Every structure is written in C-alpha cells, then in structure tokens.
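Observations on chain architecture
Residues per chain, in single letters:
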Number of protein chains: 2
Amino acid sequence: MTRPTSRDVATAAGVSQATVSLVLGDKWPGRVSTRTAALVRETATRLGYRPNLAARNLRLGSTRTALLVVPALTNEFFARVYTGAARVAAEHGFGVVLYPSPDGTGPARDPFASARAALDGVIASSMAAHALQAIGGDTLPLVMLDSDPRAGGAAAHVNLAMADGMRQVTEHLLALGHRHFLHLASAVDSWTFDTRAEALTTLLGPGTELRTVRSPLTADGARTAMEAALAAPLGRPTAVVCDDDILAAGACKAARRLGLRVPEDLSVTGFDDLALATAVEPELTTVHLPAERVGEQGMTALLAVLEGTPWTAPDIPVTLVVRDSTGPAPAPAPAP
Amino acid sequence: MTRPTSRDVATAAGVSQATVSLVLGDKWPGRVSTRTAALVRETATRLGYRPNLAARNLRLGSTRTALLVVPALTNEFFARVYTGAARVAAEHGFGVVLYPSPDGTGPARDPFASARAALDGVIASSMAAHALQAIGGDTLPLVMLDSDPRAGGAAAHVNLAMADGMRQVTEHLLALGHRHFLHLASAVDSWTFDTRAEALTTLLGPGTELRTVRSPLTADGARTAMEAALAAPLGRPTAVVCDDDILAAGACKAARRLGLRVPEDLSVTGFDDLALATAVEPELTTVHLPAERVGEQGMTALLAVLEGTPWTAPDIPVTLVVRDSTGPAPAPAPAP
DNA sequence: CAGCCGGGGTAATACGTATAACGTGACTCG
DNA sequence: CGAGTCACGTTATACGTATTACCCCGGCTG
C-alpha cells in the first residue's frame, strides 16, 4: 500500500509515464490531445497521485528551497522576517527552511546537512554569527541581512536604515531638551548594533553626555543594567535609548521601581516596534522596523541572484513612532 | 564548476563510488580498510564534497523531515513549539519545515507541494484548521497538538492539561474571594479554548456569576471588548480570566484607562506565560504552558509513530504562576 | 504514388545515492 | 595441496521524475 507513482498513473490510464509527466507539468502545447490530457488528470486525482518531490528535485537539480539563518524565532522580529520571506518564496514556488538551531545555543552542526534537503541559496542574518562560519565554507548564493555592505562573500545585502533611525531618535530627544543620555545597548556583537552605537555618538553634539551600558536582550537583563546605571549618583541621565523594545520595557519597569516616572522623570525609547511596544504602559516610543519587508526583500534578492541578475536596493527606511514613553526633559536640579 | 559528487570523490581517490558511500555512511565494520577509509575521507573534504540530499532522499525513500503546521509564528507560543520540535528532530537527524502560510491568511495551498520536499510526517496544531482540510486527504502519519483526543485521524495526540490549568486559576481566584467573573475568550474556534471555557463554567460553583466575551487575540481587541464589558452598569466583574497573555495585557490596560487599579479593583489572569507576562506592569498572574515541551513531545510522538510504535502519554501538566495582577476581591459596594 | 509533414504519443536516459550481490587474491586448515 | 575463510572492494541496480530523441500514421502535396 505504497504511494502511487507517475508510472502507476500511466498504466492505470493506459498511457506512458512520459505522457503523465508532460500532462501534469503542463508541457503539452500540441504533444498530447485534450482527451488524453483530461484522462490522465482524472486518473491522477482518482489515485491520489502526488509527485515525489525528492525525485523531482534530483532530476531538476534544484529544490527551490532557501535556508534562512536567524538567531532565534522566539524573537518576534525574526519570526516576522521569516513570515515575509516565506510569503515571497511561496509566490515563486519556493520554500524556506530554517537553520535548525534557532535558539542560538545549539552546537554548530552543519546547517546544510541539517536542512535535510538540497538548498538553492541562503539568507542569513548577521546576528547568527555562529552559523555563518559553517556557511562560509560552501559556495551557495548568499544574501546577508543587516550586515556590513562592504564585507565580501555575499551576493546581495538587505539593510535597514539604522543610522537614520537613530538620527530620528536623537533629534526627537534633543528637541525635547534632553542632554544626558544612557545607551542601553545589546550585548550581542553585531554590525547592526555597532552601527547604531556609532550613529548615536556622532549625532549627539557637544554639550551632551552619553553613557553606554550593555545588556543581554531580556527584560531582566535590562532591569539589572538600569538599576546599576541609575544608582550612579552623578549625572543621572534623563533619556534612555534602548537597542530593543524588550530592553526598553525592562528599562521602564526598572525606572518605576526606583521611583522614577516615565516619561515625566525619564524618557525611554526602543527599537523594533514589536507587539510588546503597545502592550506595555506607557506605550513605547520606538523605531518601527519593517521586519516582514526585510524577509521579503531578502527572498526577492535571493531569487534575483539565482537568476543571475545582480541585485541591489537602497536601505529600507525606518520611522520613529512617538508614543508615551518620551517627554520633555525634567528641569535640572537647582545648583546647590 | 559544479558540485562534486560521490563519484568525483571516488575517481579522485582511486576507488569506486560504492566505497565512498560506504565510508561516508560509516558502514564499514570490516568492508573497507582503515587506510582507504581515511583516504576517502580526506579526499572528500579536500574536494568539499557534500552529499546530494535529494538523491539520498530518493534512494532511501524517506527525507527525515516533518511538517509542522501552526497558525502563526509571530505568536511566541508557536515559535517555542517549533523550537522544541526542531531540537528533538535535530537530535534524531530530522528536520522540521513549517507550513508556509504562517500568517494564517494565505490561501490553502497544498501544504505538501509547498513544502518543496517529500515529507515523512505531519505535526499539526488544532488552531490551523484551514490547513487541516488539505491534510486530511493524504495519508501521512499525523500528530495532533491540542485537539480532541477522541477525534480520529491522528496517530497520536499531544495535549496540555488545560482543564487543570483552569482549575488552578479558578481556585486561586475563588480563594481570593472573587465571585463575579468575566471570561475574555479567544474568538478563534478551537478545541483548546472550548475545553477551557467548559472547565471554567463547571468549576465555578453556585453563588458565582460568569459572563463571557470573545475577542481576537490582540491587545486592541481585548481593550475594546473590556471597555464594552466594564461599561455595563450591572454586576461589574471583579476578576477577568483571559485565554491569553496578550488579552490579559490588553485587559489590564483597558481597566486602568477606565480608572480601575489592577489588582486592587480588578484581578486579571492570563494563559501561556509569554515573555510579555513579565514585561508588563503589573506582572501577570498566568498559567505557564511549557510550549517547548509540546513541540518536543510532538516530535517524539511522530518519531515513535514512524517506527511503528503506538505512542501515548498523559497530558502535559501546566502550572499557575501567581504574580501581581491578582489580589483579594474588593469589598462589595454597600447595599443602598 | 513517393515524399513530407505534423499531430500524438513512446522509449530511453540521466540525475546522485545506498546497498545487495558478487568477485578476488591471500591465507589457513585439514 | 585443495577447499574454505577472510579482508577488501567492485559491479550493478533501483529509487521516481523530466526531458530528449525518436516513431508511427494519416493526410496532403507535387
């Protein structure tokens, strides 16, 4: 009681296997009569025929499958990247398979063997550095997400305009009168975060003060980092710029535990604009990153590369969404 | 400049293709000398040989790949289910591919064709009803997640002890003196939610009052639903039982907008224990669902079924985590 | 009537792998 | 010294599909 093959369909319909393949592949502009084509199709559905993808892939030498390498799907941002990539892929008859160590903790298995299928290309986030080494060895079309565009090795780059996002944040905060900043930065080493940090330092002109604290990307990490930072007696910041909404939410919470009101005493900004941003109170002022579009453009770029077309596009624009976690800087404490 | 095949390795090493296959498959307990084995392996790495998975899958008649059907990866719960399933799969040399309409909105494409690879089995959440129809037609080992265990068609079921979770919630709230309840329920029709609703109604004894409002699983939906429910003049509830942390967060927010303090004036409980639960303020009292374990057990069950072993296991236990969103029922308004 | 054409289909083949079946020398044992 | 036995490989084949090259036959043309 095994699955029917195209040959089974052929014998059942009284034709050759080649004819079945031609009909079901819609390759009969005059090679097969309409009558037999209909007969074949009817027989196929009657037997419940499904083509064996492994055989087809072998024959065609292509699986129409891409590997998406991201650090963790539990991070909503990357889940949305996947969603976008999968949507575009599906529109072109492609599939997307994930690097199967999505928690970022797994050993660096061979991503290609683990994918259990031959791959046509790879889309990789720069934040999955541990997997990239394993990838480097092979020569498969590679699209990099959020990585240094000058770095070689990739056939295409898809980047968000992170520096511009940071510009919007700083302009917003400076306009509100803030001068003392705390950068709650991600402890993960990645080009994205480096870019943001660099943008922040250059954008803040003279007459301002900036301290940086690194934290793992969890609310708890943010809380401890914040508590340490705010405990410092001298030069308490009035604005906290976070690399992530999760950090921002943790920062808000830590601030309130310490008796500071947000945004009256302390302004907080995030990055990403996750669902979390509007779920917490106050709702977060944050930089909206169109994650789905990152996935879509990544897949689009890969498809172009696979066709031999070089692909390039401007950075994806991002926009600051002003909500309730930022406000005018508090009046400075009067000089003693 | 194409990828080297096992035959290329064979000629380069001066052996036959079969030998290469034996060596790389670790099937030489005496069939190949250690010397030649080493030679073959060295040659393979030198040429950068990687087996063609499509060919292997065709030959073996199995792809060691499972399809996971979930409604939306952007829901942290399902992202964690995937993580768990992928981990167990990887330990057994399996892969997991997702049904490529993860936003739940896409048309019901053929999930098998879209997977771009032959599949060995399917793990499906009951909340992806639109995809299940397409699956029903085929005969592939099927493991159902959170679905009616008496329903046929599946080789195994993996369920969370939802009714027991609801029991813990009600006992907690009853002990706090609550008698007037609002059930903020998911608008999605699913066995899971039905089970919870049923458990809630039966567990609440006489002398209590229960109203039910259905809402889409978003914070905004929760807010509108809550505002409508609390606006009702008569019999304002003192406890809101939500089917989801997202709903609970929305409920807290709505309550505060209406001038109610949580938990002093209103207690709120959630389900899932997402990262969100500890990111909002107050931190949510919620039922912790071990999502990763659902994925792990789902994959374990599928592996067992594939080996011909019938699989069954008790419901996965869940535990109420008491945090800050629940408290003693407020004293009833004095009779006029 | 020979030749040709074109519609309608078929036989053959290759994709790259895993494995069953089959040598083949050298060595051992009776 | 002939028959086994081993240790070490090899030859051949099948998996199911897509596609190329070919074939057959009726009708039309010169």
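Residues numbered from 1 in each chain as written. Chains lettered and ligands numbered in written order. Predicted model: local features only at pLDDT ≥ 70, side-chain atom pairs only at ≥ 80, totals over all residues.

Brief notes about the domain arrangement of chain A
To be explicit about the condition: How far each domain reaches was decided by an automatic or database domain assignment.
As far as domains go, chain A holds domain 1 (6–51), domain 2 (65–159 + 291–314) and domain 3 (162–289). Using C-alpha coordinates to define each centre, domain 1 of chain A is positioned 63 Å away from domain 3 of chain A.

Topic: the protein's contact with DNA strand C
This is how the line gets drawn: In this analysis a residue is considered near a molecule or strand if the C-beta atom, reconstructed from its backbone, is found within 6 Å of that molecule or strand. The secondary structure listing takes helices from DSSP runs of H or I that are at least 4 residues long and strands from runs of E that are at least 2 residues long, numbered from the N terminus. Residues were grouped as follows: Ala, Val, Leu, Ile, Met, Phe, Trp, Tyr, Cys and Pro as nonpolar; Asp, Glu, Lys and Arg as charged; and all remaining residues, including Gly, as polar.
With respect to spatial proximity, 28 residues lie near DNA strand C, and among them Ala18 and Ser33 of chain A together with Thr5, Ser6 and Ala18 of chain B are the closest. For the surface near DNA strand C, the secondary-structure elements that each account for two or more residues are helix H2 (17–24) and helix H4 (53–60) of chain A together with helix H1 (6–13), helix H2 (17–24) and helix H4 (53–60) of chain B. Looking at the surface near DNA strand C residue by residue, the class counts come to 11 nonpolar, 11 polar and six charged.

Considerations on the sheet that holds strand S4 (residues 142–145) of chain A
All names here are of chain A. Convention followed: Strand pairing is assigned whenever DSSP identifies at least 2 bridges connecting the two strands. Comment: axis = line fitted to C-alpha atoms, over the contacting stretch for helices; angle = value between 0 and 180 degrees taken between N-to-C directions. Here, residues touch in the contact sense if the C-beta positions derived from the backbone fall within 7 Å of one another.
With parallel pairing, the five strands of this open sheet are ordered in space as S2-S1-S3-S4-S5. The strands lining the two open edges of the sheet, one partner per strand, are strand S2 (95–98) and strand S5 (156–158). For this sheet, the mean inter-axis angle between neighbouring strands, taken without regard to orientation, is 25 degrees. Note that strand S1 (residues 65–69) and S2 share four bridges and pair parallel. By the bridge assignment, Thr65 is partnered in S2 with Gly95. Its contacts with the sheet put helix H5 (residues 76–91) on S1, S2 and strand S3 (121–125), and the angle it makes with S2 is roughly 150 degrees.

Overview of the protein's contact with DNA strand D
Lining the immediate environment of DNA strand D, one finds 28 residues, of which Thr5, Ser6 and Ala18 of chain A together with Ala18 and Ser33 of chain B sit closest. Residue composition of the surface near DNA strand D, grouped by class: 11 nonpolar, 11 polar and six charged.

Topic: the interface of chain B and chain A
Taken together, the contact pairs 43 residues of chain B with 43 residues of chain A. Contributing elements (two or more residues each) for the side of chain B that touches chain A: H4, helix H5 (76–91), strand S2 (95–98), helix H6 (111–114), helix H11 (245–257) and helix H12 (275–279) of chain B. The leading source of residues in the side of chain B that touches chain A is H5 of chain B, at eight residues. Partitioning the side of chain B that touches chain A into residue classes produces 24 nonpolar, nine polar and 10 charged.

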